[in-house]
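Analysis of the macromolecular model
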Amino acid sequence: MLVPLQITFQDTDSSSAIEEKIRHSTEKLEKFFDGITNVRVVVSTTQYGQRAGNQYRVRLDVSVPGKELVVNREPGDANSHRDPLIATRDAFEAMERILRDYVRERRGETKHDVASPHGHIARVFPQEGYGFIESPDGRDIYFHEKSVLKNGFKRLKAGMEVRFLEEKGEKGPQASTVEIVGTGVRHDEGAHPFK
């Protein structure tokens, strides 16, 4: 590993297993993009009461030319973040998506002055953790719950307007990032919204 790496544990004991996971995940990021100049990781705990117990928060700062990319993986209501290794994995997966968008931007594949396309949620499968966006041209775009920004997956409903970044997936088009634009639900033309 060539990238300078700083690992800090706050309000929790250090762990060689977590440090090894962080080192391995950093090497993976470095292979994906060799322009990373610095990586800082802070692992901390948050007390959610006696019943909920401690959950882990992972903050990940990655320095790249001209930018500082940040993931602050809050546990939210995800019980899976009681395990620091899972919280670490989730933070690095989110950083990989951000880094992928950054690399595309540097290559000129995305433009700053063009807004991301808007679409509407066509279908959501909450138990399975994925859904589909109807694009402006009528195509179905797959998305995974981890692609939804600000832990918004549980708030999604069919018809909600979203902004998304599309990429080519293994099985067709998919959204690498999904952002909720409004909380309103689209109503079909001719239908009365209160019926």
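Everything that follows concerns the structure shown earlier in this document.
Values in this document were obtained by computation on a predicted structure and should not be read as measured data.

Helix and strand counts for the protein chain come out as 3 helices and 9 strands. Helices and strands appear in the protein chain in the N-to-C order β-α-β-α-β-β-α-β-β-β-β-β. Burial status across the protein chain gives 36% buried among its 195 residues. In the protein chain, the share of contacts with a sequence separation of at least 24, taken over all contacts with a separation of at least 6, comes to 54%. A total of about 11,800 Å² of accessible surface is found on the protein chain, and carbon and sulfur atoms cover 47% of it.

We now examine the pattern of salt bridges. Overall, the coordinates contain 14 salt bridges when judged by the stated rule. Close ionic contact of Arg 23 with Glu 19 constitutes a salt bridge, the shortest N to O distance being 3.6 Å. Taken together, the residues span about one helical turn, with Arg 23 and Glu 19 both in helix α1 (residues 16-32) at a distance of 4 residues. The partly exposed category is assigned to Arg 23, whose relative accessible area is 34%. Here Arg 100 makes a salt bridge to Glu 96, at a shortest N to O gap of 3.8 Å. A residue pair is termed a helical-turn pair when its members lie 3 or 4 positions apart in one helix, as Arg 100 and Glu 96 do in helix α3 (residues 84-106) at 4 residues. A relative accessible area of 22% means that Arg 100 is categorised as partly exposed. Several salt bridges converge on common partners, so that one network encompasses Lys 28, Glu 96, Arg 100, Asp 101, Arg 104 and Glu 167.

Here we come to the nonpolar core. The biggest cluster of nonpolar side chains holds 25 residues, and the ones touching the most others in it are Ile 36, Val 41, Val 43, Leu 60, Val 62, Val 64 and Leu 99. For this core, the secondary structure elements donating two or more residues are α1, β2 (38-47), β3 (54-64), β4 (67-73) and α3. At 8 residues, α3 tops the list of elements feeding residues into this core. Apart from residues lying up to four places away in sequence, Val 64 is in contact with Phe 33, Gly 35, Ile 36, Thr 37, Leu 69, Leu 99 and Tyr 102. Residues Ile 141, Phe 143, Phe 164 and Ile 180 belong to the second largest nonpolar core, which totals 13 residues.

Turning to its location among the elements, Gly 129 is positioned in the loop between β5 (118-125) and β6 (130-134). The spacing of Gly 129 and Lys 154 is 25 residues in sequence and 9.3 Å in space, taken between C-alpha atoms. When neighbours within four sequence positions are excluded, Gly 129 is seen to be in contact with His 144, Glu 145 and Phe 153.

Residues that lie three or four places apart on an α-helix share one face, since the helix turns once every 3.6 residues. End to end, α1 covers 24 Å across 17 residues, agreeing with the expected 24 Å (1.5 Å per residue, within 8%). Turning to α1, its buried residues are Ile 18, Ile 22, Ser 25, Thr 26, Leu 29 and Glu 30. Relative to the axis of α1, the buried residues are bounded by an arc of 145° and lie together on one face. Along α1, the residues that are exposed and aim more than 90 degrees away from the buried face are Ser 16, Lys 28 and Lys 31. With a side-chain oxygen positioned 3.3 Å from the backbone nitrogen of Ala 17, the residue opening α1 is Ser 15.

Cut-offs used in this document
- Residues numbered from 1 in each chain as written.
- Predicted model: local features only at pLDDT ≥ 70, side-chain atom pairs only at ≥ 80, totals over all residues.
- Heavy atoms only, no water.
- Helix = DSSP H or I, 4+ residues; strand = E, 2+ residues; numbered from the N terminus.
- Buried < 20%, exposed > 50% of the residue type's maximum accessible area, 1.4 Å probe, protein only.
- Contact = heavy atoms within 4.5 Å.
- Areas by Shrake-Rupley, 256 points an atom, 1.4 Å probe, with all protein chains shown as cover.
- Salt bridge = Lys/Arg side-chain N within 4 Å of Asp/Glu carboxyl O.
- Core = buried A, V, L, I, M, F, W, Y, C linked by side-chain atoms within 4.5 Å.
- Expected span 1.5 Å × (residues − 1).
- Arc of directions from axis to C-beta.
- Polar contact = N/O pair within 3.5 Å; in protein donor to acceptor, adjacent residues only side chain to side chain.

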